[in-house]
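# A look at the structure
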Amino acid sequence: MFILSEDSERTSGQDAQSANIDAGKAVAESVRTTLGPRGMDKMLVSDSGDVVITNDGATILDEMDIDHPAAEMLVEVAESQADDVGDGTTTAVTIAGELLSEFESLLEDDIHPTTVVQGYKEAERAALEAIDEAVVDAAVDDETLEAIVTTAMTGKSTGGVTPETLADEIVAAVRRVETDDGVDRDAISITTQPGSSAGATELIEGIVAEESPAREDVTRSVEDVSVGVLDTDLDQRDPDVDAEWQVSSRDQLDQALAAEEQHLREFAETVLETGVDVLFVTGDVNEQVAATLAREGLLVFDSVDSDTARSVAKATGASQIGDVDDLEADDFGTAESVHVESFDDDLVFVEGGGATETVTLFVRGGTGHVTDELERAIRDGVDAATQAADTGEIVPGAGATELHVAGALRERAASVEGREQLAVEAFADALDVIPRTLAQNAGQDPIDALVDLRAANEEGRAGLVQSGEDADVVDPVEEGVVDPASVKREAISSAAEAATMLARIDDVISAE
Ligand code: ADP
Ligand code: MG
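This one's a predicted model, so the numbers in the text were calculated from it and none came from an experiment.

## A short note on the nonpolar core
Counting 62 residues, the largest nonpolar core has Val93, Leu99, Tyr120, Leu409 and Phe427 as the members making the most contacts within it. Of all hydrophobic cores here, the second largest spans 35 residues; its members include Ile148, Val363, Val382 and Ala385.

If you want it as structure tokens, here you go:
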């Protein structure tokens, strides 16, 4: 009896399992070499020839054209890691791949997938507890945040600036937007502009946006100003003027034009009377009105992006006005300075806004490839610092936390009954992939390194800390190699989730 259409394909049992495992492992393998400070970069070329050079797990997987369903689940691990905590995408995918690898060996030993799933679940719970134990017992001060940022950024090319210099700016940005409710991550923007050395990257206390003034002949820099945000066209308010004019003589035409001009002049006057100094208009600005306003020193931007309008309003305290008739002083915000700088395109800087703290990391670099990768590095730095500042919990990096958790799981395994015990042990072995890979990417023998690291962990906290060409087994916290605890928790959880989900599948039915 056929219940499927002729075109659909079906694989079941071990074939389905091994196909899924292989696909998942292949994805993990493709990002594993980028892990850690000595991880290599990947160059991704799209079918239209665009080139992306990156060390970032989520970006690599996003750029790769993956269409195997099981492989996509690992891509989702990276995506959810990036969405929830920002950093740790390569770690999450690498662990997920290794959990699949271990799962494969367990299957070969005739352990039932359901048993593995239960064991993995048990192991995940125990792992999260072990992370709690690994949390460093110290307040998260600025120095710690800088260490968090440098750890998150090492390995990504920063175009010649040291991560330490950038860490300074990033921590300042995070502290700037910190409120009683935590870090307002959305208040930190990143804007890139190629054409200068990466060292010129700076923190702007305000907004940077790609907008041009409506007219060329305006003052491009003003200080201590009131700012209005208009969500419509800036044009004559009286629609009657557009009405048809029946003209039968030259005189009448002149009259009509004069009347219209008069109307526009009056309109410009009323705008001037509101006392506004800078206007961001999302719609069009009437040319004659723009000319009059420019003559009076008013800085007007037209066709402003709606996101920009929103952030200008938020930062300066302006209300977004939807109707020209409502334009009045009450709705204006303030800024210490607004100025336009010309790069390839004009950029407007709105600084010292009178309302919510908003900051922009203005990222510079020689070329677009440099600024793009620098932006990704900075984003990881900002995200990691936000996590650490919000939760106040950091753990040792350089593989130390994974080693600690693996050790705790092996101890726990002894008390787990039945074959699930083997799955808990397998989970512990899977976590070893992080220190092993860090060693391998640093050019060391992974087995020797793991043996040394395990021995050192018996004595106390130890990881494979790398600086320059050296890699030493020492306490990462003392060397300032630390990660947010939430990044490690999320990596383990999302990896376990994807692996157990794939482990449960024994039948793949695909329609044509
Ligand atoms: P991910 O996408 O998972 O964040 P990364 O390439 O950023 O991948 O590597 C993160 C790992 O590198 C973390 O485990 C972190 O502790 C480790 N790490 C960062 N800096 C160092 C260092 N100087 N020495 C050793 N390990 C480091
Ligand atoms: Mg990272």
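On we go.
## Some points on the packing of helix H6 (residues 142-153) against helix H11 (residues 368-391)
Relative orientation and spacing of two packed helices are given, respectively, by the angle between their axes and the distance between those axes. Contact pair H6 / H11: the axes reach a minimum separation of 8 Å and the direction vectors enclose 140°. Viewed along their axes, H6 and H11 adopt a mutual orientation that is oblique. The handedness of the crossing between H6 and H11 is right-handed. Residue-level inspection shows Leu145, Ile148, Val149, Ala152 and Met153 of H6 in contact with H11, the latter providing Ala377, Ile378, Asp380, Gly381, Ala384, Ala385, Ala388 and Ala389.

## Focus: unusual backbone geometry
Positive phi, close to 45°, is recorded for aspartate 224, a residue that is not glycine. Residue placement: aspartate 224 occurs in strand S9 (residues 221-230). For aspartate 224, a relative accessible area of 63% gives the class exposed. Although it is not a glycine, serine 303 adopts a positive phi angle of roughly 45°. Summarising the element assignment, serine 303 is placed in the loop between strand S11 (299-301) and helix H10 (306-316).

## Examining a nonpolar patch on the surface
Residues Met43, Val45 and Ile53 make up a contiguous nonpolar surface patch of roughly 280 Å² in combined accessible area. Within the secondary structure layout, methionine 43 lies in strand S2 (residues 42-45).

## Description of the packing of aromatic side chains
Where two aromatic rings form a pair, the distance of their centres and the angle of their planes describe that pair. Summed over all chains, the structure comprises four aromatic pairs. An angle of 85° between the planes, with centres 5.5 Å apart, marks the rings of tyrosine 120 and phenylalanine 427 as edge-to-face. Remark: phenylalanine 427 occurs in helix H13 (residues 420-431) and tyrosine 120 occurs in helix H5 (residues 113-134); sequence separation between them is 307 residues. Pair check on accessibility: tyrosine 120 and phenylalanine 427 agree, each one buried. Ring centres of phenylalanine 349 and phenylalanine 362 lie 5.3 Å apart, and the angle between their planes is 85°; on these two criteria the pair is classed as edge-to-face. Taken together, the positions of phenylalanine 349 in strand S14 (residues 346-353) and phenylalanine 362 in strand S15 (residues 359-365) put the pair 13 residues apart, joining distant regions of the chain.

## Details of the side chain of serine 337
When you line up the elements, serine 337 lands in strand S13 (residues 333-342). Excluding its chain neighbours within four sequence positions, the residues that come into contact with serine 337 are Val222, Glu223, Asp224, Phe349, Val350 and Glu351.

## Side note on the site of ligand 1
By nearness alone, 21 residues border ligand 1, and Asp87, Thr90, Thr91, Ala398 and Asp483 come closest of all. Residue glutamine 466 places a main-chain N or O atom 2.9 Å away from a nitrogen atom belonging to ligand 1. One of the side-chain nitrogen or oxygen atoms of lysine 488 is found 3.3 Å away from an oxygen atom of ligand 1. Burial of ligand 1 by the protein amounts to 97% of the accessible area it has alone, namely 570 Å². At a threshold of 2 Å from the grid points, most atoms of ligand 1 map onto the largest pocket. Sorting the residues of the shell around ligand 1 by element identifies helix H4 (89-108) and strand S17 (463-467) as the ones contributing at least two each. The residue makeup of the shell around ligand 1, split by class, is seven nonpolar, 11 polar and three charged.

## A short note on the sheet that holds strand S6 (residues 188-194)
Spatial strand order, S6-S15-S7: three strands in an open sheet with mixed pairing. Of all the strands in the sheet, the pair left with one neighbour each is S6 and strand S7 (202-204). Recorded for the sheet is a direction-independent mean angle of 25° between the axes of neighbouring strands. With seven bridges connecting them, S6 and S15 associate as parallel partners. Looking at S15, one finds that glutamine 193 is bridged to arginine 364. Packed on one face of the sheet, helix H7 (residues 163-176) meets S6, S7 and S15 and runs near 160° to S15. Relative to S15, H11 is tilted by about 145°, and along the sheet it contacts S6 and S15.

Parameters and conventions
- Residues numbered from 1 in each chain as written.
- Chains lettered and ligands numbered in written order.
- Predicted model: local features only at pLDDT ≥ 70, side-chain atom pairs only at ≥ 80, totals over all residues.
- Heavy atoms only, no water.
- Core = buried A, V, L, I, M, F, W, Y, C linked by side-chain atoms within 4.5 Å.
- Buried < 20%, exposed > 50% of the residue type's maximum accessible area, 1.4 Å probe, protein only.
- Axes fitted to C-alpha atoms, helices over the stretch in contact; angles between N-to-C directions.
- Helix = DSSP H or I, 4+ residues; strand = E, 2+ residues; numbered from the N terminus.
- Parallel < 35°, antiparallel > 145°, perpendicular 65-115°, else oblique.
- Left-handed = near helix turned anticlockwise from the far one by under 90°.
- Contact = heavy atoms within 4.5 Å.
- Patch = residues over 30% accessible without salt bridge, like charges linked within 9 Å, V, L, I, M, F, W, Y side chains within 5 Å.
- Areas by Shrake-Rupley, 256 points an atom, 1.4 Å probe, with all protein chains shown as cover.
- Salt bridge = Lys/Arg side-chain N within 4 Å of Asp/Glu carboxyl O.
- Phe/Tyr/Trp six-rings, centres within 6.5 Å; stacked < 30°, edge-to-face > 60°.
- Near = heavy atom within 4 Å.
- Polar contact = N/O pair within 3.5 Å; in protein donor to acceptor, adjacent residues only side chain to side chain.
- 1 Å grid on protein atoms, 1.4 Å probe; cavity = no way out; pocket = protein on both sides within 12 Å on 5 of 7 lines; lining within 4 Å.
- Sits in = over half its atoms within 2 Å of the grid points.
- Nonpolar A, V, L, I, M, F, W, Y, C, P; charged D, E, K, R; others polar.
- Pairing = 2+ DSSP bridges.

What is shown is where atoms sit, not what they do.
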